[in-house]
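Listed here are the chains, written in short residue letters.
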Amino acid sequence: MPHSIVVAQFDPVRGSYWLPVSGRLATRKILTQPFLAYALSFHDFANDKGPPFKLCVISSRPSPIPLRDASLTIGPKVAIDANAFYVGDNQLIVIPPLPCRKADLRHPTYVHTVPSLTTLMSRGALSQTVLYQLDEDSFRQLTETASRNRGDLIKYWNGQREARWALAAARWQRCDVLEASFMRDDDPTSMFSYLNNPHAYCFDFFDVPFLPCVEDSTHVYNEFLVYGQLCKDYRWEGVEESISWVRDMRTNHTSGWRVIEVPSEDSEVDYAYLLSHDPAFKAAASENLLSCKVLLPQSDDSDSSADQNPSYDSQDDLTSWCSLSWGFPEAPWSYPRIPLTRPRIAVFDLFGTVLDRETAIQTALQEWLPLASRSYTMREVLELYIEVEALAVREQGATAVSLAAICHSALRTLSGKLKVSLHAHPTLLANSLATILKCRPYHDVDPFVRNLVQQGCALMVIPPHSGVSMQHLLPMLPHHVGQHMHVCSEALSIHFAARTSFFSGALIEQCKQLLPDVLPAEVLLVSTSVARVLAPASLAGHPTALVKRPGTIASNVDFVIGVGNDTPATSVVVDGLEELCASVQGAGQPA
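Heads up: these notes are all about the structure in this document. Throughout, a residue's number is its position along its own chain's written sequence, starting from 1. In keeping with the predicted nature of the model, local features appear solely for residues at pLDDT of at least 70, side-chain atom pairs appear and are counted solely at 80 or more, and the whole-chain, interface and lining totals rest on all residues. Derived side-chain values reflect all non-hydrogen atoms in the structure, with water molecules and hydrogen atoms excluded from consideration.

**Considering the environment of H495**
Okay, so step 1: Strands here mean DSSP runs of E at least two residues long; helices mean DSSP runs of H or I at least four residues long; both are numbered from the N terminus. With respect to the helices and strands, H495 occurs in the loop between β15 (485-487) and α19 (500-514).
Okay, so step 2: For the exposure calls, accessible area comes from a 1.4 Å probe over protein chains only, and a residue counts as buried if that area is under 20% of its type's maximum, exposed if over 50%, partly exposed in between. H495 gets classed as partly exposed once you look at its relative accessible area, which sits at 22%.
Okay, so step 3: For the pair H495 and R394, spaced 101 residues apart in sequence, the C-alpha to C-alpha distance is 8.9 Å.
Okay, so step 4: A 3.5 Å cut-off defines polar contacts: any pair of N or O atoms within that distance qualifies, except that in protein one atom must be a possible hydrogen donor and the other a possible acceptor, and neighbouring residues in sequence count only when both atoms are side-chain atoms. Side-chain polar atoms of H495 contact the side chain of E389, separated by 2.6 Å.

**Things to note about unusual backbone geometry**
Okay, so step 1: Cis peptide bonds are those with omega within 30 degrees of zero, and the linkage from G75 to P76 qualifies with 0°.
Okay, so step 2: Structurally, the position occupied by P76 is in strand β4 (residues 71-79).
Okay, so step 3: Note the cis peptide between I95 and P96, where omega equals -10°.
Okay, so step 4: Looking at the secondary structure, you find P96 in strand β6 (residues 92-100).
Okay, so step 5: The phi dihedral of K419 is positive, around 60°, even though this residue is not glycine.
Okay, so step 6: With respect to the helices and strands, K419 occurs in the loop between α14 (403-418) and α15 (428-436).

**Here's the deal with the pairing of strand β7 (residues 109-112)**
Regular strands place their side chains on alternate faces of the sheet.
Okay, so step 1: With burial as the criterion, each face of β7 is covered, one bearing T109 and V111 and the other bearing Y110 and H112.
Okay, so step 2: Two strands form a pair only when DSSP identifies at least two bridges running between them. Looking at chain direction, strand β3 (residues 54-59) and β7 are connected through two bridges and run antiparallel. Along β7, the bridge assignment pairs S59 with Y110.
Okay, so step 3: Relative to β7, β4 runs antiparallel, the two sharing four bridges. Bridge pairing links S71 to H112 in β7.

Written out as structure tokens, the structure is:
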């Protein structure tokens, strides 16, 4: 019912009717959760019969938009798990009092006057059940403030450069700020046309008399950002043909390769030959002229007797040769085969080699299985958690430096996928987080470290995400191990591939601080992941050891991206550190 507090849930599937089939299927993977909001309309404050309705999110966190009165406090509240009532000094008065947990009773609850979320009423209707309403004075204050802020936000964006920085820091873009109804565009693929506007959202409204936990209601903003990005990814012409091409290539990848005989000298690739014999390569090179510095040949009617290596004063007529390793430094033609030699320094990727993080995650999630909406195996939940944790790292981007924050975000997402109510089990999240962060070392770590130290080998460990996370994990190592472990000054992601420049730069420089004359061939990299650590390490000239502990997820992964040297190969593959110790003892000295 309009002008009342409603329980809503974003429905990206219904709102994506204008996307191609692949886009509509992709929206089904967007995780959404119920949230609390106040429904109102700016057309008629007294009657409120005309769409589009707006939803003002109710949350325990203030609005991320830096405007005056962007958030108004609401109360009173009553604790549902205790016989307690709290009035407080609130700007808006709700009738009857809002239910909450006893722990949140004295914490403020906010109504976000901006952003106000546009609903696409042709695809869904508001519930007719009135749960909670504001008194007359509070209702007028909310509608006037929301109406004023809606206009002020656009003026603030257009009039002050600082506003763009502030809104960008709050992860809001211009298209999220402008109202779709102010802009019309006949282009059927336009982001701002009325029917195809991804910011006019569809919602489900619930008649059941319950209120979701408002502690994290701002998750709906992240859902909109994911949906908006998905719309941009799938709205362009030709997306279906491109997806079909990729699907065909994956089905029969050998049919997609074009083999070209390239006459060249010194193992360098003749760009002019490729560009003249392969139209597709020429088109790709033209698109990457600026980013990859690909040099295009002269036109076909150019003087054939011209100097083969002229000097050019402009970008209008370019003829040159270029090696692909220079134009595409992150895409090697082949991976070197580096034999295992007796190392002077052994560098460990912490998880899976030294600390048993997989068992810690399984122990933490054991309590989740009976609470899930359907029957899951432990392996299914484990793989699902690793997936959502990787997505959390990707979403946080450069700010993903706290392992605790990453795990916390992943557990919240997992609760939605498994439909486990954190509100009904208030200690579940904290207990699971503490268990995941408390990893135990493998049984073979201590004897392996003692053996290497006796052989005069120095030990180093690469922190996961940040040095702060490493400080938390160091006390979990046995005293003898932690005493001999040096910590690398730079950290690596536990889900995404490291750059080769890390191993050839920061890592080898720190190794030289331990042993000034050490060579890359004398620094052994030990990890459970070829793609993330060992492949780029081998490109930097390091021998590598792949640890495949039986029963772990990584033990079933074979990293194959080509044939022969196109696929990276590790120096040795072992099932634990005990076997690695034997391999190291049997290895020879580096050449």
